[in-house]
Amino acid sequence: MKPVLKQNPLESEAIYIFREVVAQFENPVLLFSGGKDSITLVRLAQKAFYPSRIPFPLLHIDTGHNFPETIEFRDRLVKELGLQLIVRNVQDDIDNGKAIEEKGKYSSRNGLQTTTLLDAIEEFKFDACIGGARRDEEKARAKERIFSVRNDFGEWDEKNQRPEVFDMLNGRIHLGQNVRVFPISNWTELDVWSYIAAERVEIPSIYFSHEREIFDRDGLIWSASEHVYREDDERIQKRKVRFRTVGDMTCTAAVASEADTIEKIIQEIRGSSISERGARIDDKRSEAAMETRKQQGYF
């Protein structure tokens, strides 16, 4: 389906950012998770370069514990749009001893993505990695720039970021450095959903209310899967749920919901007092969990 050509200010800004990336960098890549934000980025990139194809590949760092619905959607989207997809697997780094698998009740592979991502950046010599971070997600995001510089070890230093005045984006980097780019940095969760509705963007079924085998822990709803640790007394039951955010299933909880259309999802978000990241247990490990991971090279 051809993208709708009507624009709004947020869309126009994102398209401008995409075009600046291609103009200023030699080897960009779009970090793709199969979630709604990265899917929105794909649509924005389509519109930025239409009628040409998207001029850079997608990179998915696969933890091996992704939701099956997300992987199925990823592969179908790439085939339909004729995109280049690069996949690098956390399991490979576990197998070769570069990453150590966590064990126990709150174990997750989410943090292990850092090593795999940095190795992929080095392997392909990517100088700009486009991501779907938004400033309403988590407070460490508010310190980001649209062009956010990483050093030659992939590390982020919030004190070493450039001012971005009047939308002047500076893509000059030193040898070994790379930049993370956030075209929807000024968007909110509701902005993303409103855009998906307006553009009629297809998204994975996991975002809509569906009946699923789950269990309760610490006030959160977890998918009953072989990948998710479960105590013997944590009883499996079936319940209607959906996911507000899609990541590694070991750290991504569901929410009880009857919202089975995008319009109902938008209504639900407008009435919610809990942030989207409230269902991501990896953000709750410490007060500065996200900032620490970013400093180490994560996203």
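Residue numbers here run from 1 along each chain, matching the order of that chain's written sequence. Only residues with pLDDT of at least 70 get local features here, since the model is predicted, and only at 80 or more are side-chain atom pairs given and counted; chain-wide, interface and lining totals rely on the full set of residues. By convention in this description, side-chain values take in all heavy atoms of the structure and omit both hydrogens and water.

Visitor: I'd like a description of the overall build of the protein, backed by residues and values.
Guide: A helix here means a DSSP run of H or I that spans at least four residues, while a strand means a run of E at least two residues long, and both kinds are numbered starting from the N terminus. Of regular secondary structure, the protein possesses eight helices and ten strands. Counting only residues that meet the buried cut, the protein has 53% of its 299 residues in that class. Throughout, a residue-residue contact means that at least one pair of heavy atoms, one from each residue, lies within 4.5 Å. Taking the contacts inside the protein whose residues are at least 6 apart along the sequence as the reference set, 73% of them involve residues at least 24 apart. Counting only carbon and sulfur atoms, one obtains 49% of the accessible surface of the protein, whose full area is about 14,200 Å². Buried means the residue's accessible area, taken with a 1.4 Å probe over protein chains only, is under 20% of the maximum for its type, while exposed means over 50%, and partly exposed covers the values in between. We get accessible surface area from the Shrake-Rupley algorithm with a probe of 1.4 Å; when it comes to residues, only the shown protein chains can shield them.

Visitor: Outline unusual backbone geometry, supporting the account with residue identities and numerical values.
Guide: At the junction of tyrosine 50 and proline 51, the peptide bond is cis and its omega measures out at 10° in the coordinates. Summarising the element assignment, proline 51 is placed in the loop between α2 (36–49) and β2 (58–62). Phi at arginine 200 is positive, roughly 55°, even though this residue is not glycine. Mapped onto the fold, arginine 200 is located in the loop between α6 (189–199) and β7 (210–217).

Visitor: Help me get a handle on the pattern of salt bridges, residues and values and all.
Guide: A pair can form between side chains of opposite charge whenever their charged atoms are brought close. A carboxyl oxygen of Asp or Glu within 4 Å of a side-chain nitrogen of Lys or Arg is what we treat as a salt bridge. Applying the stated criterion across every chain, the model contains 20 salt bridges. The closest approach of N and O atoms between glutamate 199 and arginine 43, which form a salt bridge, is 3.1 Å. Separated by 156 residues along the polypeptide, glutamate 199 in helix α6 and arginine 43 in helix α2 bring together distant segments of the chain. Here glutamate 199 matches arginine 43 in class, with each residue buried. The shortest N-O distance in the salt bridge between glutamate 199 and lysine 47 comes to 2.9 Å. With glutamate 199 in helix α6 and lysine 47 in helix α2, this pair connects stretches of sequence that are 152 residues apart. Of the two residues, glutamate 199 and lysine 47, neither departs from the other in class, the shared state being buried. Each of Glu11, Arg43, Lys47 and Glu199 takes part in salt bridges that share partners, so that together they form one network.

Visitor: Quick rundown of the nonpolar core? Include the residues and the values.
Guide: Residues belong to a common nonpolar core when they are buried Ala, Val, Leu, Ile, Met, Phe, Trp, Tyr or Cys residues joined through side-chain atoms within 4.5 Å. Formed by 59 residues in total, the largest nonpolar core has its most connected members in Phe18, Leu30, Phe147 and Trp193. In terms of residue count, α2 provides more of this core than any other element does, seven residues in total. The start and end points of each domain follow an automatic or database-based domain assignment. Summarising the domain contributions, this core has at least three residues from each of domain 1 (9–191 + 288–296) and domain 2 (206–281). Not counting chain neighbours up to four residues away, the residues in contact with phenylalanine 18 comprise Leu30, Leu41, Leu44, Ala45, Ala48, Phe49, Phe56, Ile130 and Pro183. Counting residues in each nonpolar core, the second largest holds 14 residues, with Leu59, Ile61, Leu112 and Cys129 among its members.

Visitor: Describe in detail the environment of aspartate 93, supporting the description with residues and values.
Guide: Looking at where aspartate 93 falls in the secondary structure, it is placed in helix α4 (residues 90–95). For aspartate 93, a relative accessible area of 7% translates into the label buried. Polar contact is defined as a pair of N or O atoms within 3.5 Å, subject to the rule that within protein one atom must be able to donate a hydrogen and the other to accept it, and that residues adjacent in sequence are counted only when both atoms are side-chain atoms. Within the local environment of aspartate 93, its side chain forms a polar contact with the side chain of threonine 116, the two groups lying 2.6 Å apart.

Visitor: Which residues make up the packing of helix α1 (residues 9–24) against α2, and what values go with them?
Guide: Two quantities define a packed helix pair, namely the angle between the axes and the distance from one axis to the other. Axes, fitted as lines to C-alpha atoms, cover a helix only where it is in contact. Angles between the N-to-C directions of the axes lie from 0 to 180 degrees. Between α1 and α2, whose axes approach to 9 Å, the crossing angle comes to 70°. Considering their axes alone, α1 and α2 lie roughly perpendicular with respect to each other. For the pair α1 and α2, contact is made by Glu11, Ala14, Ile15, Phe18, Arg19 and Val22 and by Leu41, Leu44, Ala45, Lys47, Ala48 and Phe49, respectively. Comment on the angle field: the value is read as roughly parallel under 35 degrees, roughly antiparallel over 145, roughly perpendicular from 65 to 115, and oblique elsewhere.

Read these as layout, nothing more, since geometry by itself doesn't imply function.
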